[in-house]
Amino acid sequence: MLRADNLSKIYKKQDGKVIAINNLSLDIPTGDFVAIVGPSGSGKSSLLLMLGGMLFPTEGEVIINGESIYQLTLNEIAKLRQQQLGFIFQTFHLIPYLTALENVQMPMLLKGLSSKEQAENAESLLEKVGLSDRMDHKPSELSVGQQQRIALARMLANNPSIILADEPTGNLDSETGQRMIQFFFELNAEGRTVVLVTHDIRVAEQAKNTITISNGTISG
């Protein structure tokens with residue numbers, strides 16, 4: 001279960017403040033596939049970052065499997081992210097001088113797995129996303145869609161139970177974007193919770209549930 005209770009995020013600026021999220025509450029059951037939609041500037045990305053333990057709220061709580069994560073220490077939050085959460089973004093954040101295999105291995109290296117385990121797991125994940133023939137290629141040698149699939153494989157390296165995706169199809173053409181959404185459906189069918197921020201209504205319509213954000217609150 002992923003829950004937000006009375007969540008607010010206020011950004012302070014020289015000329016005042018911006019209320020990104022305003023006293024928002026929601027419940028996302030385990031195994032759900034939720035699309036978060038809304039206009040630009042509505043607070044979608046801020047909400048996703050707070051749900052994932054990457055942005056402290058101004059007020060309120062985020063609760064993951066019964067644990068209020070912002071009452072944890074920074075090290076405990078980092079450990080929770082490593083053990084339970086997977087992130088994928090519109091920009092892929094791949095390390096340009098590493099191969100596809102090495103990029104996918106990175107989370108496992110940080111976790112302390114042996115070199116043999118890292119290589120075996122990374123190879124399996126790249127096969128899962130259809131890139132078994134691109135393991136030794138660096139990001140600059142791959143298409144945008146292939147880079148996104150590397151990011152997807154890397155996100156799966158720690159076997160997360162909750163996947164948070166921010167505009168994952170934003171840089172992809174329609175056909176490649178639909179294949180990416182299909183990957184999310186396959187992961188959801190494995191029992192993982194998927195929360196996806198998108199501006200594309202066609203993508204949102206394929207989710208099990210849709211949450212519309214407007215001016216920092218849930219509308220509709």
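All values derive from a computational prediction rather than experimental measurement.

Caption draft 1: Up close: the overall build of the protein chain. Looking only at helices and strands, one finds seven helices and ten strands in the protein chain. Since a compact globule built from 220 residues should have a radius of gyration of about 17 Å, the 18 Å found for the protein chain is in line with a globular shape. Along the first, second and third principal axes, the C-alpha set of the protein chain runs to 50 × 40 × 40 Å. Burial status across the protein chain gives 50% buried among its 220 residues. Partitioning the contacts of the protein chain with sequence separation of at least 6, the portion at a separation of at least 24 is 67%. When the accessible surface of the protein chain is split by element, carbon and sulfur atoms take 47% of a total near 10900 Å².

Caption draft 2: The packing of helix α3 (residues 100-111) against helix α5 (residues 144-155), seen in detail. Two elements in contact, α3 and α5, have axes whose closest approach is 8 Å; the angle formed by their N-to-C orientations is 30°. One way to sum up the angle between α3 and α5 is to call them roughly parallel. In this structure, the crossing between α3 and α5 has a hand that is right-handed. Across the interface between the two elements, Ala100, Asn103, Val104 and Pro107 from α3 touch Ile150, Ala153 and Arg154 from α5. Of the residues assigned to the contact of α3 with α5, the class counts are five nonpolar, one polar and one charged.

Caption draft 3: Local environment of the sheet that holds strand β7 (residues 162-166). In spatial order, the strands read β6-β7-β8-β3-β9-β10; together these six strands make up an open sheet with mixed pairing. Pairing within the sheet leaves two strands with one partner each, and these edge strands are β6 (85-89) and β10 (217-219). The average undirected angle you get between the axes of adjacent strands in this sheet is 25°. Of the pairings in the sheet, the one linking strand β3 (residues 33-37) to strand β8 (residues 193-197) comprises four bridges and is parallel in character.

Caption draft 4: Spotlight on the pairing of β6. Burial analysis of β6 places five of its five residues in the buried class, the great majority of the element. Burial along β6 is two-sided: Leu85, Phe87 and Phe89 facing one way and Gly86 and Ile88 facing the other are all buried. Inspection of the sheet shows β6 paired to β7 by five bridges, in the parallel sense. For Phe89, the partnering residue across the bridge sits in β7 and is Asp166.

Caption draft 5: Looking closely at α5. The end-to-end C-alpha distance of α5 is 17 Å, a good match for the 16 Å that twelve residues give at a rise of 1.5 Å each. The element α5 is largely enclosed, with a buried count of ten among its twelve residues. Listed as buried for α5 are Gly145, Gln146, Gln147, Gln148, Ile150, Ala151, Leu152, Ala153, Arg154 and Met155. Residues of α5 that are buried in the fold lie against β6, α3, α4 (115-128), β7 and α6 (174-189).

Caption draft 6: A look at the pairing of strand β4 (residues 59-64). With five bridges joining them, strand β1 (residues 2-13) and β4 adopt antiparallel strand pairing. Of the residues in β4, the one forming a bridge with Ala4 is Val62. As judged from the two bridges shared by β4 and strand β5 (residues 67-68), these two strands associate in the antiparallel manner. Across the sheet, residue Ile63 finds its bridge partner in β5, namely Ser68.

Scoring rules and cut-offs
Residues numbered from 1 in each chain as written. Predicted model: local features only at pLDDT ≥ 70, side-chain atom pairs only at ≥ 80, totals over all residues. Heavy atoms only, no water. Helix = DSSP H or I, 4+ residues; strand = E, 2+ residues; numbered from the N terminus. Rg over C-alpha atoms; globule rule 2.2 N^0.38 Å. Buried < 20%, exposed > 50% of the residue type's maximum accessible area, 1.4 Å probe, protein only. Contact = heavy atoms within 4.5 Å. Areas by Shrake-Rupley, 256 points an atom, 1.4 Å probe, with all protein chains shown as cover. Axes fitted to C-alpha atoms, helices over the stretch in contact; angles between N-to-C directions. Parallel < 35°, antiparallel > 145°, perpendicular 65-115°, else oblique. Left-handed = near helix turned anticlockwise from the far one by under 90°. Nonpolar A, V, L, I, M, F, W, Y, C, P; charged D, E, K, R; others polar. Pairing = 2+ DSSP bridges. Expected span 1.5 Å × (residues − 1).

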